[in-house]
Amino acid sequence: MARILAIDYGMKRTGVAVTDELQIIASGLTTVNTKELISFLKEYVTKEEVELFLVGEPKQMDNTASESETLIKPFLEQLQNQFPNIPIQRVDERFTSKMAFQTMIDSGLKKNQRKNKALVDEISATLILQSYLYSK
C-alpha cells in the first residue's frame, strides 16, 4: 500500500503529516515553508509512494468556506497539475489548530515550546489525517 499525505496549508508555513504504508498510523512529518511546499512534495514522492493527498478545508461555523480558502484554491490547482496521478481529497479542518495547541498542553510541553507555530501546524496536519483515517 502507498502512504496518505495530509497538508495543513498556511500562508507562511504548511504542516505535513503522513501515514505508514499500511495506512494505520498518522504521524507528523514536518513543517515546510509554504513557498517550498511543491518542491518538497516532488522530492518526497520520488522516495515514497503516495496514494492520496488530503488537504485541510477551512470552514466557518456555519459551514461556509473561510477567507483562507481563497489562498488554498491556487495551491490545489498547482498540486493537481504537478501530481495528476495522485487524487486530492479535502478534509474539514475546523478546530484543528485549537486541538493541536491543547494536545501540546496535554503532552506537557512548556509554554515556550507551545509558541512553536511550526509544531502546531505539523500537529494540525496529523489531526486532519487522523480524522480521515477514523472516518474510513
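Quick summary incoming for the structure in this document. (Residues numbered from 1 in each chain as written. Predicted model: local features only at pLDDT ≥ 70, side-chain atom pairs only at ≥ 80, totals over all residues. Heavy atoms only, no water.)

## Describing the side chain of Gln23
Let me state the cut-off plainly: Numbering goes from the N terminus for both helices and strands, where a helix is a DSSP run of H or I of at least four residues and a strand is a run of E of at least two. When accessible area is computed with a 1.4 Å probe and restricted to protein chains, residues below 20% of their type maximum are described as buried, those above 50% as exposed, and intermediate ones as partly exposed. We define a polar contact as two N or O atoms separated by no more than 3.5 Å, with the added condition that, inside protein, one atom must be a possible hydrogen donor and the other a possible acceptor, whereas residues neighbouring each other in sequence contribute only through side-chain atom pairs.
Secondary-structure assignment places Gln23 in the loop between β2 (13-19) and β3 (26-33). Using a relative accessible area of 8% as the deciding quantity, one classes Gln23 as buried. A distance of 2.7 Å separates the side chain of Gln23 from the backbone oxygen of Ala2, its partner in a polar contact. Within the structure, Gln23 has its side chain in polar contact with the side chain of Glu51 (distance 3.1 Å).

## Regarding the sheet that holds β2
Put simply, the rule is: Pairing between strands requires that DSSP locate at least two bridges from one strand to the other. What counts as an axis is a line fitted to C-alpha atoms, over the stretch in contact for a helix, and the angles between N-to-C directions run from 0 to 180 degrees. Only heavy atoms enter the contact rule, under which two residues are in contact if any of them lie within 4.5 Å.
Spatial strand order, β3-β2-β1-β4-β5: five strands in an open sheet with mixed pairing. Each edge of the sheet is formed by a strand with only one pairing partner; in this case those strands are β3 and β5 (88-92). Across the sheet, the mean angle from the axis of one strand to that of its neighbour is 25 degrees, orientation sign disregarded. Of the strand pairs in this sheet, strand β4 (residues 50-57) and β5 are connected by five bridges, and their pairing is parallel. Looking at β5, one finds that Val55 is bridged to Arg90. Sheet contacts for helix α2 (residues 69-82): β1 (3-8), β4 and β5; angle to β4, the most-contacted strand, approximately 165 degrees.

## A closer look at the packing of aromatic side chains
For the record, the criterion: Only the six-membered ring of Trp is used, alongside the rings of Phe and Tyr, when aromatic pairs are assigned; centres must lie within 6.5 Å, and planes under 30 degrees apart are stacked while those over 60 apart are edge-to-face, with the rest tilted.
On inspection of all chains with the given rule, the structure shows three aromatic pairs. Ring geometry for Phe40 against Tyr44: centres 6.3 Å apart, planes inclined by 20 degrees, an arrangement best described as stacked. Residue Phe40 and its partner Tyr44 are both found in helix α1 (residues 37-47); the two are separated by four residues, about one turn of the helix. With a relative accessible area of 24%, Phe40 lands in the partly exposed category.

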